[in-house]
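Coordinate inspection notes
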Amino acid sequence: MGMPAPTDTLPGKPPDSSATARRIDTFSYRLSADTLDAPVQYKAEDSMVLQVDSRRILLYGKTEVNYTDVSLKAPNLVFDQATNVVTARMGRDSSGKVQGMAKLTQGETTTVSDSIRFNFKTQRGLTYNSFFQQDEIYNFAQKVKKSDPETFFASKGRFTTCNLDTPHFAFRFNKAKFINKKIAVTGPVHPEFEDVPVPIYLPFAIFPLASGRRSGFIPPQFTVTEDFGLGLEGMGYYKVINDYLDAKAWGDFYSYGSWRLNFSPSYRKRYRYNGTFNISLQNTKFAFKGDPDYRRNKSFFVTWSHGMDSKARPGVNFSASVQAGSSKYLSLVPNGALLNAGAGGGRGGNYMQPVNFTNQLNSTISLQKNWVGRPFNLSMNINHNQNTNTKLVNLSLPDITFVMNTIYPFQQKDQVGETKWYQKLGVGYNSNVRGQVSFYDTAFRLKQLIDTFQWGAVHDIPITLSLPALGPLQVAPNISYRERWYAQQLFRRWNPVTEKLDTTVEKGFFTGREMSAGIAFNTAFFGTFLASRKDARVQAIRHVMRPQMSVNYRPDLMKQFYYRERVDKAGNYQLMSVFDGSLYGPFSPGENGGIGFGIDNNLEMKVKSRTDTTEEGIRKVKLIDGFGINGGYNFLADSFQLSTFSVYARSMLFDKVSITANGTIDPYESDPFTGRSINRYVWQNGRFRLGNIVNGSLNMSTSLQSKKKDEKKQTNEELLKQQSENLSPDQVMQQLDYVRRNPGEFTDFNIAWSLNLGLSLSFSRMLQSDYTYRTEFTSSFNFSGDFNITPKWKMGATGFYDMRTMKLQSLTTFVSRDLHCWQMSINVTPVGLFRFFNMNISPKSGMLRDLRINRTRYFYSN
């Protein structure tokens with residue numbers, strides 16, 4: 001039988017159950033002064049001893065203690081609960097050999113020491129003979145005092161970027177203060193090499209440890225040039241203004257009086273846009289005042305690169321790539337003194353562009369708009385072209401293109417059933433409006449701009465129809481209307497007195513039109529040769545032919561704009577148009593009614609592996625990617641009815657050698673004196689010939705290299721691409737180009753050898769100023785390669801050989817030596833317009849990239 005519930009002895013007050021609950025919930029307790037904020041977890045592989053009286057825990061054998069973000073590991077460890085101090089020491093065996101070191105890890109910082117004392121409560125500690133790493137710096141100190149999680153002090157130590165226990169070089173200090181991920185400051189410091197002190201003392205040293213961009217002074221490089229004298233190049237300051245903007249200002253100064261100043265701000269907003277602007281002012285002096293060879297030149301150069309993220313505003317893109325300035329500027333920049341096009345912090349922060357042989361400058365500022373879900377596209381551009389040899393500058397402003405992609409007006413929006421043939425009728429529209437001015441940068445005048453200003457427009461309306469296939473035959477009719485607008489007409493008349501052509505220009509608004517209609521047929525044929533034996537190496541060869549033919553008609557709507565005029569003393573006449581020299585040029589003259597024909601081929605085979613007998617061991621090999629010929633015949637022409645033939649071929653042999661060839665064959669004989677074609681076939685003289693090859697080109701290239709010693713290790717170019725996240729595409733290419741042109745500074749010993757070869761041949765029949773034709777040839781051979789002489793030595797070269805003049809135009813050689821934490825490179829350009837010598841010894845670490853021994857010499861002649 002249960003006991004009755006107790007009653008309240010206070011009269012007049014009913015029982016209150018909640019009051020009892022409140023008395024229990026408000027139970028108060030006192031915390032010990034040495035209580036920690038989190039539990040301490042500990043373990044030991046050997047044994048643990050708990051001393052109750054002294055409140056100490058002794059751990060033996062691969063011990064570990066963890067508290068919040070602090071982890072302590074050591075062979076022997078003592079935890080004093082009364083003081084919250086952990087003491088860890090290294091362990092030795094009976095012979096005195098070290099079995100393990102004491103290791104303290106807090107956050108991203110790890111310290112390896114002989115002994116460690118650390119207070120969990122105050123987060124302070126003391127270590128002896130400690131090794132620790134801050135970013136790229138490896139530090140050692142006899143005594144380290146940790147005052148808080150981010151700050152500690154060190155005495156009698158060294159720091160280096162060499163990761164060996166006994167480093168090749170180091171900087172010795174007596175006192176230093178480290179702020180994690182921010183900065184390190186020391187007292188008097190001096191370097192040492194192989195433990196040998198160097199008697200060069202600095203009163204203090206400051207090492208920034210923060211990652212990313214940071215402001216600071218840019219130290220110069222000492223150089224010697226034959227024409228400019230002693231020089232300090234690259235001296236300046238880099239300033240980080242905010243997360244979106246930084247700027248760099250630097251200059252080059254020479255003892256003979258020449259100088260160059262540069263200012264380059266850079267801006268970026270992640271997922272929106274990024275860009276870099278650069279302006280350079282140059283004052284060049286040759287010899288001294290009073291000398292007969294004394295010359296002085298002032299020039300400038302401007303670059304601007306802007307890119308926009310495609311996701312920032314879908315359908316809209318704004319980009320810019322500008323290179324403009326005085327034509328004389330580039331010719332006065334010696335080899336090695338490269339055009340700087342950017343700013344940044346870290347290795348490769350100066351994104352340089354070589355200008356040794358640059359004589360063509362091009363700029364584009366573009367705004368593009370695509371209407372999402374609609375067939376319209378708009379592009380607005382400003383283009384700049386400048387030839388530094390002729391000093392001629394062409395500006396296209398504006399250059400507007402509007403495109404309406406093909407629409408099908410008879411096609412139903414919600415198609416039901418089979419599509420009718422007329423529903424495949426498509427109509428498109430393309431238009432372009434352009435204005436252009438031309439002037440010489442040495443004779444710039446506003447009146448000249450007005451006089452040379454031209455404008456024009458072109459409109460194109462293509463109409464297509466896709467008919468059902470007639471068996472293997474594809475049929476495609478087409479109709480096209482084109483119209484061009486011109487701002488002037490050009491008239492040339494033979495002057496019998498001066499025996500030259502006189503030219504007059506008539507300004508106004510003029511139009512030219514062209515209409516054409518046709519129908520095209522194309523199909524494909526396949527032929528396969530199968531091996532008779534199953535064990536044959538070549539299992540099959542496949543040949544694909546794609547012939548095509550078209551029937552076309554074009555009325556002569558340009559007859560009134562063509563005339564024949566005498567061009568030389570011999571009485572030869574040339575067909576001319578009043579629209580010659582315009583932005584878009586005239587339409588072709590004459591009525592055309594004829595056929596077009598062509599055939600394309602490719603050849604491939606299946607090869608069986610010597611070792612793999614399964615079906616997976618059979619691989620497809622392309623012998624010829626494509627080769628073919630195209631031409632036409634005009635039945636309505638009174639002469640030259642057969643057109644020229646265009647032939648082409650392309651292949652990737654063995655997946656290594658790229659070959660591309662094309663040419664133009666003229667089936668007519670040519671005048672031996674003027675080079676003009678004569679209306680007589682070459683095979684009419686009794687011997688069979690296909691014709692005269694009037695234009696042609698051949699390009700071959702290959703890249704070969706050995707396997708990587710370490711497949712997981714990235715190449716220099718791959719690492720630079722990862723470091724170029726906030727750079728524009730132009731800056732990335734400039735940075736990679738600087739690596740390729742200065743190979744000694746970026747040697748990759750992971751690849752034992754590499755070889756790059758390129759051959760280019762071309763010729764074309766060009767119309768000369770005297771209206772005769774002359775064939776011009778160009779040919780060149782490019783090569784570059786390197787190989788490891790030993791695992792630590794590498795030699796290489798890159799060059800350009802002009803096969804037309806049979807002369808080596810440029811040659812750059814290099815030798816590199818891997819010095820573990822340092823690297824030595826020697827670059828020599830003994831052949832070329834600018835000769836150059838450079839010897840550089842520098843640390844591999846990007847943090848110490850300015851600590852280098854550099855000897856540079858240029859040999860420049862204007």
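1. Quick notes on the overall build of the chain
- Within the chain one finds 5 helices and 53 strands.
- Evaluated residue by residue, the chain yields a buried proportion of 38% over its 862 residues.

2. Here's the deal with the environment of Phe207
- Residue placement: Phe207 occurs in strand S18 (residues 205-208).
- The spacing of Phe207 and Ile137 is 70 residues in sequence and 9.4 Å in space, taken between C-alpha atoms.
- Apart from residues lying up to four places away in sequence, Phe207 is in contact with Ile137, Phe159, Ile183, Ala184 and Leu848.

3. Here's the deal with a positive patch on the surface
- A cluster of basic residues, Lys606, Lys620, Lys622 and Arg650, forms a positive patch on the protein surface.
- Relative to the elements of secondary structure, Lys622 occurs in strand S41 (residues 618-634).

4. Here's the deal with the pairing of strand S11 (residues 124-134)
- When strand S9 (residues 109-113) meets S11, the two strands line up antiparallel, connected through 2 bridges. Bridge assignment links Thr111 to a residue of S11, and that residue is Phe132.
- Across 5 bridges, strand S10 (residues 115-119) lies against S11 in antiparallel orientation. Each bridged residue has a counterpart across the sheet, and for Ser115 the counterpart in S11 is Tyr128.
- What sits between the antiparallel neighbours S10 and S11 is a turn of 4 residues, in which Gln123 has the positive phi angle 60°.
- Direction of pairing for S11 relative to strand S12 (residues 137-148): antiparallel, over a ladder of 9 bridges. Looking at the pairing, Gln134 lines up with Ile137 of S12.
- Here S11 folds back onto S12, and the loop between the two strands holds 2 residues, one of which, Asp135, carries a positive phi near 55°.

5. Describing the state of the cysteines
- Enumeration over the complete set of coordinates arrives at 0 disulfides.
- Cysteine Cys162 shares no disulfide, and the gap to the nearest cysteine sulfur, in Cys821, comes to 3.6 Å.
- By relative accessible area, which is 4% here, Cys821 ends up buried.

6. Some points on the pairing of S18
- Every second residue of S18 is oriented toward a common face, the buried set being Ala205 and Phe207 and the non-buried set Ile206 and Pro208.
- As judged from the 4 bridges shared by strand S15 (residues 183-186) and S18, these two strands associate in the antiparallel manner. Paired with Thr186 across the two strands is Ala205, which belongs to S18.

7. Thoughts on the nonpolar core
- Ile137, Val144, Ala154, Phe159, Phe169, Phe178 and Phe207 are the most contacted members of the largest nonpolar core, which has 22 residues in total.
- No other element matches strand S14 (residues 169-179), which puts 5 residues into this core.
- With 18 residues, the next largest nonpolar core counts Phe79, Ala88, Ala102 and Leu104 among its residues.

8. Looking at the packing of aromatic side chains
- The full count for this structure, using the stated rule, is 31 aromatic pairs.
- Taken together, a centroid distance of 4.8 Å and an interplanar angle of 45° make the contact between Phe131 and Phe140 tilted.
- Note on Phe140: relative accessible area 15%, which makes it buried.
- Linked through ring pairs, Phe159, Phe169, Phe171, Phe173, Phe193 and Trp822 together constitute an aromatic cluster.
- Over the face of the ring belonging to Trp250 we find Lys248, whose NZ or CZ atom lies 4.6 Å from the ring centre.
- The aromatic ring of Trp371 is capped on one face by Lys369, whose charged end is 5.7 Å from the ring centroid.

9. As for the pattern of salt bridges
- Evaluation of the coordinates by the stated rule reveals 16 salt bridges.
- In this structure, Arg482 engages Glu514 in a salt bridge whose closest nitrogen and oxygen atoms are separated by 2.5 Å. Pair noted here: Arg482 is in strand S34 (residues 474-495) and Glu514 is in strand S35 (residues 500-522), with a separation of 32 residues, a long-range link.
- Glu514 sits in the buried class, given a relative accessible area of 8%.
- One salt bridge connects Lys792 with Asp818, and the closest N-O pair in it is separated by 3.8 Å. One end of the pair, Lys792, is in the loop between strand S48 (773-788) and strand S49 (793-802); the other, Asp818, is in strand S50 (residues 807-819), and 26 residues separate them in sequence.
- Of the residues examined, Asp818 reaches a relative accessible area of 10% and is grouped as buried.
- Several salt bridges converge on common partners, so that one network encompasses Arg482, Glu514 and Arg554.

10. Describing empty space enclosed by the protein
- Under the defined criterion, the tally for this structure stands at 4 cavities of 30 Å³ or more.
- Taken as a whole, the largest cavity encloses approximately 120 Å³ of empty space.
- Contributions of two or more residues to the lining of the largest cavity are made by strand S8 (102-106), S9, S11 and S12.
- Of all the elements, S11 adds the most residues to the lining of the largest cavity, at 4 residues.
- Here the residues of the lining of the largest cavity sort into 5 nonpolar, 6 polar and 2 charged.

11. Observations concerning the side chain of Ser396
- By the secondary structure assignment, Ser396 is in strand S31 (residues 392-407).
- The class of Ser396 is buried, set by a relative accessible area of 10%.
- Leave out the neighbours within four places in its chain, and Ser396 touches Asn381, Ile382, Asn383, Arg434, Gly435 and Gln436.

12. With respect to the environment of Gly508
- Structurally, Gly508 can be placed in strand S35.
- Residues Gly508 and Gln488 lie 20 residues apart in sequence; the distance between their C-alpha atoms is 5.5 Å.
- When sequence neighbours within four positions are dropped, the list of residues in contact with Gly508 reads Tyr486, Ala487 and Gln488.

13. Some details on a nonpolar patch on the surface
- Together, Phe253, Trp259, Leu261, Phe263, Phe277, Ile279, Leu281 and Phe300 make up an exposed nonpolar region whose accessible area comes to about 650 Å².
- As for its placement among the helices and strands, Phe253 is situated in strand S22 (residues 245-254).
- On the basis of relative accessibility, which here comes to 36%, the residue Phe253 falls in the partly exposed class.

14. Description of the confidence of the model for the chain
- For the chain, per-residue confidence averages 82 on the pLDDT scale, and residues scoring 70 or more make up 87% of the total.
- Counted against residues more than four places away or in other chains, residues 1-27, with its pLDDT under 50, gives 3 contacts.

15. Observations regarding unusual backbone geometry
- Between Leu397 and the following residue, Pro398, the backbone shows a cis peptide bond with an omega angle of -10°.
- Within the secondary structure, Pro398 is located in strand S31.
- If you check the backbone angles, Glu194 has positive phi at about 50° while not being a glycine.
- With respect to the helices and strands, the residue Glu194 is situated in the loop between strand S16 (189-193) and strand S17 (196-197).

16. Some remarks on the environment of Val544
- Among the secondary structure elements, Val544 is positioned in strand S37 (residues 538-554).
- Residue Val544 is classed as buried on the basis of its relative accessible area of 3%.
- When the C-alpha atoms of Val544 and Phe526 are compared, they prove to be 4.7 Å apart, with 18 residues separating the residues in sequence.
- The residues contacting Val544, other than those within four sequence positions of it, are Phe525, Phe526, Asp600, Asn601 and Asn602.

What counts and how
- Residues numbered from 1 in each chain as written.
- Predicted model: local features only at pLDDT ≥ 70, side-chain atom pairs only at ≥ 80, totals over all residues.
- Heavy atoms only, no water.
- Helix = DSSP H or I, 4+ residues; strand = E, 2+ residues; numbered from the N terminus.
- Buried < 20%, exposed > 50% of the residue type's maximum accessible area, 1.4 Å probe, protein only.
- Contact = heavy atoms within 4.5 Å.
- Patch = residues over 30% accessible without salt bridge, like charges linked within 9 Å, V, L, I, M, F, W, Y side chains within 5 Å.
- Areas by Shrake-Rupley, 256 points an atom, 1.4 Å probe, with all protein chains shown as cover.
- Salt bridge = Lys/Arg side-chain N within 4 Å of Asp/Glu carboxyl O.
- Lys, Arg positive; Asp, Glu negative; His and termini not counted.
- Charge placed at Lys NZ, Arg CZ, Asp CG, Glu CD.
- Pairing = 2+ DSSP bridges.
- Disulfide = S-S within 2.5 Å.
- Core = buried A, V, L, I, M, F, W, Y, C linked by side-chain atoms within 4.5 Å.
- Phe/Tyr/Trp six-rings, centres within 6.5 Å; stacked < 30°, edge-to-face > 60°.
- Lys NZ or Arg CZ within 6 Å of the ring centre and 35° of its normal.
- 1 Å grid on protein atoms, 1.4 Å probe; cavity = no way out; pocket = protein on both sides within 12 Å on 5 of 7 lines; lining within 4 Å.
- Points joined across faces, edges and corners; volume = space filled by probe spheres on them.
- Nonpolar A, V, L, I, M, F, W, Y, C, P; charged D, E, K, R; others polar.
- pLDDT = per-residue confidence, 0-100.

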